[in-house]
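Tertiary structure, described
Below are the chains, spelled out letter by letter.
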Amino acid sequence: MSSSAEPNTAVPDGHELIREGPITMLYPKSENSVFYNPVQVQNRDLSVLVLGMHAERREERLWTGKKRKEVRKEMLQTQKEDQVVGETKKETKEERKARLAAFERELDARVAAEKAAVDFTQLTKESAKTNDGMSVFEALAASGLRSLRYWKEVPGIRTVVVNDLDPVAVDMARENVARNGLAEDLAPEDGDEETKEAANNGAGESSQRHCNLRAPGIHLQVGDATHEMYISRLPPRLHPDQMNATQRRYQKPQYDVIDLDPYGSAAPFLDAAMQSVVSGGLLAVTCTDMAALGGSHPETCYGRYGAFPIQRSGYLQELALRILLYHMSVVAGRYGRTIRPLLSVGMAFYCRVFVEVRDDKAGVNELSLNHGHLFQSIRCSSFHVTPVATNDFVAAQLRAGGEDAKKGEGKKKPSNVYRNGRGPCDRGEPTCGETGAGYKVAGPLWTGPLHDVDFVTDAVARLEAAQTNEGVHPSGGTPMHPLHTATTLHGLLVSVSEELPDVPLYHLLPSLCSAVNSATIPTQTFRAALVNAGYRVSAYHKEPNAVKTDAPNHAVWDVVRAWCKEHPPAKRKASKKHRKGEAPGSNAPDKTPQMDVAERILSNEMRTEIDFAIPEGFGQRKKATRWALNPEANWGPKKAASGKNKRRRLDPEQS
């Protein structure tokens, strides 16, 4: 991916030089014709890291699949040769099952032995020169800075398509290509004979996988992102003989990686993206419409994502991610595909998720098991997350009190019978157990894992290895260049790795204490009390005051009640309406005076034995910069780019 041309370092008047990693870019100071926001540096650094890791995992997966086929073929041939001619032996079902299991164990062992000697980092780098290299599509590229960083910093990329609807943005991307000495890496224009010849230059059988393979290099194009993705839906291994005339003439192969980073919501692009990413490929999505996802405009959120959030909820940061993942999983399910989140984070003023997309019709049938509804108390921070469906035969029968319950007692496997999920009423809480109030209902939302724990652990290890090697990974893998926000990224990913992976949403400690008019309990003390009671607890990567726990609501409030017994809170001054027996905020008197929320919560009977002693070694964690402060003032969203109309106003000759 290197080029013989030297980068241009001259900076003309009225411009500033922006440098990210090995890429430099000129940006006009006096206009906003092409969008650029320095806040997104962390986003781009994280994307470079994740794409580099995905490239190596992809190469390892492809190598393993090919090797398993080779070894399996050899083992079957050996078995065939070892059989005595004319000798037949009848096997029982158990014997056949044991023989096949032994065969698979031997196959796994032989593949693992060969795999241990393979350098996948080097193999990934070499794949860029073949047709097995990755193809990357940046749908809304603006200046092309992100795509050029991918080209220079991510190993194994054969093709990167820099797309934008605005010709001014593509012109700037072309200038940036030349400035960074990458002009020789530009791919020929689509339709040229040179393009077809370059596309077919590859090694191995994969060079024949399809006639519409993109030429290697950097593609710059002005185009509609959804149109480009809709005409890029051919599976990469589809042979030309299996295509119809329309596919051979107009369709292109699917992309290995699609990056969606729009100004606002990514919802309009997700349908096309889910179809145009290859099975096993990576879909990276940014959404900056937190006013919708966060609950300030719930009607907008429902229109875009098909889910209704909770306004002013303490867990809005995580709820936004889970609504986005819910919508993505539903879109994928329409086409017999499933998503597997590798990393889902809230950063600054936006959400960023990285998911693997796979063809998995059986997984689509289980999609309802990873969706749920949210019931939020209207008078305190208690909440319940209930599943849309369950296929646990025994649990479903026992809860329903069915006569067939005993028949399923010995079954431990889930059945293929899917039953409706049950709300809080089925758990004995038709109203909030703490205040007696009703619930607000929100969702649906994604209740599965937000992250792949192994993937996040590997990312942290790579950043730590790079810290001791001048910012570069010692073995030559990702990161190949120092990341500007490596320290902040390390803190973010360490926080992610410490989260409970199977617990949706969290409580805010200040909100819990405020409800009973108590001073905020020390975070360490509160978490230790839950651990001493036998529950798990963690923080959340976007919220330092979060209490993410598998403890039920009553146990969480028992900690608050126990603390208030030892540290009695000041009595809250009653409002005029409350003294008159009216409900606070009501327009008319209530016939019966309502008990104050704090009094109601503190008067409830404790059901959990609380111990505030901090266990030895509790709270010890990896050293990292968690919840870093903004590096400068006004660190947030920017105004949308004005495009070519702005340039025309400044330069009438362009009109």
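Just so it is clear, the model here is predicted, and its values are computed rather than measured.

1. What to know about the sheet that holds strand β11 (residues 383-387)
- With respect to topology, three strands assemble into an open sheet ordered β11-β10-β14, the strand pairing being antiparallel. Of all the strands in the sheet, just β11 and β14 (439-446) have a single pairing partner and so form its edges. Within the sheet, the average angular offset between the axes of one strand and its neighbour, ignoring direction, is 25°.
- As judged from the six bridges shared by strand β10 (residues 371-377) and β14, these two strands associate in the antiparallel manner. Across the sheet, the residue bridging to F375 is V441, located in β14.
- Packed on one face of the sheet, helix α12 (residues 316-333) meets β10 and β14 and runs near 55° to β14.

2. A look at the packing of aromatic side chains
- Inspection of every chain in the model, using the stated rule, returns eight aromatic pairs.
- Seen from their ring centres, W63 and F120 are 5.6 Å apart, and the 80° between their planes marks the pair as edge-to-face. Remark: F120 occurs in helix α3 (residues 120-127) and W63 occurs in helix α1 (residues 41-82); sequence separation between them is 57 residues. For the pair W63 and F120, one class covers both residues: buried.
- A centroid spacing of 4.9 Å and a plane angle of 20° characterise the contact between F137 and Y255, whose relative ring orientation is stacked.

3. A short note on the environment of D502
- Within the secondary structure layout, D502 lies in the loop between α16 (486-497) and β15 (507-508).
- On the accessibility criterion, D502 (48% relative accessible area) is partly exposed.
- In the structure, D502 is positioned 48 residues away from D550 in sequence and 8.6 Å away in space, judged by C-alpha atoms.
- In terms of polar contacts, D502 uses its side chain to reach the side chain of R536, at 3.1 Å.

4. So, the environment of A437
- Summarising the element assignment, A437 is placed in the loop between β13 (419-420) and β14.
- Residue classification places A437 among the buried residues on the basis of a relative accessible area of 8%.
- Not counting chain neighbours up to four residues away, the residues in contact with A437 comprise S377, I378, R379, T431 and C432.

5. Notes on the pattern of salt bridges
- Going through the model one piece at a time under the given rule, you end up with 36 salt bridges.
- Note that D259 and R146 form a salt bridge whose closest N and O atoms lie 3.7 Å from each other. One end of the pair, D259, is in strand β6 (residues 255-260); the other, R146, is in helix α4 (residues 145-153), with 113 residues separating them in the sequence.
- Overall, the relative accessible area of 4% leaves R146 in the buried class.

6. Remarks on the confidence of the model for the protein chain
- When the pLDDT values of the protein chain are averaged, the result is 85; 82% of them are 70 or greater.
- Below pLDDT 50 for its whole length, residues 202-209 participates in 18 contacts with residues either more than four positions away or in separate chains.

7. Some points on the pairing of strand β8 (residues 337-347)
- Within β8, ten of the eleven residues are buried, leaving the element largely enclosed by the surrounding structure.
- Pairing analysis gives ten bridges linking β8 to strand β9 (residues 350-359), with the strands arranged antiparallel. Across the sheet, the residue bridging to S344 is V353, located in β9.

Scoring rules and cut-offs
Residues numbered from 1 in each chain as written. Predicted model: local features only at pLDDT ≥ 70, side-chain atom pairs only at ≥ 80, totals over all residues. Heavy atoms only, no water. Pairing = 2+ DSSP bridges. Helix = DSSP H or I, 4+ residues; strand = E, 2+ residues; numbered from the N terminus. Axes fitted to C-alpha atoms, helices over the stretch in contact; angles between N-to-C directions. Contact = heavy atoms within 4.5 Å. Phe/Tyr/Trp six-rings, centres within 6.5 Å; stacked < 30°, edge-to-face > 60°. Buried < 20%, exposed > 50% of the residue type's maximum accessible area, 1.4 Å probe, protein only. Polar contact = N/O pair within 3.5 Å; in protein donor to acceptor, adjacent residues only side chain to side chain. Salt bridge = Lys/Arg side-chain N within 4 Å of Asp/Glu carboxyl O. pLDDT = per-residue confidence, 0-100.

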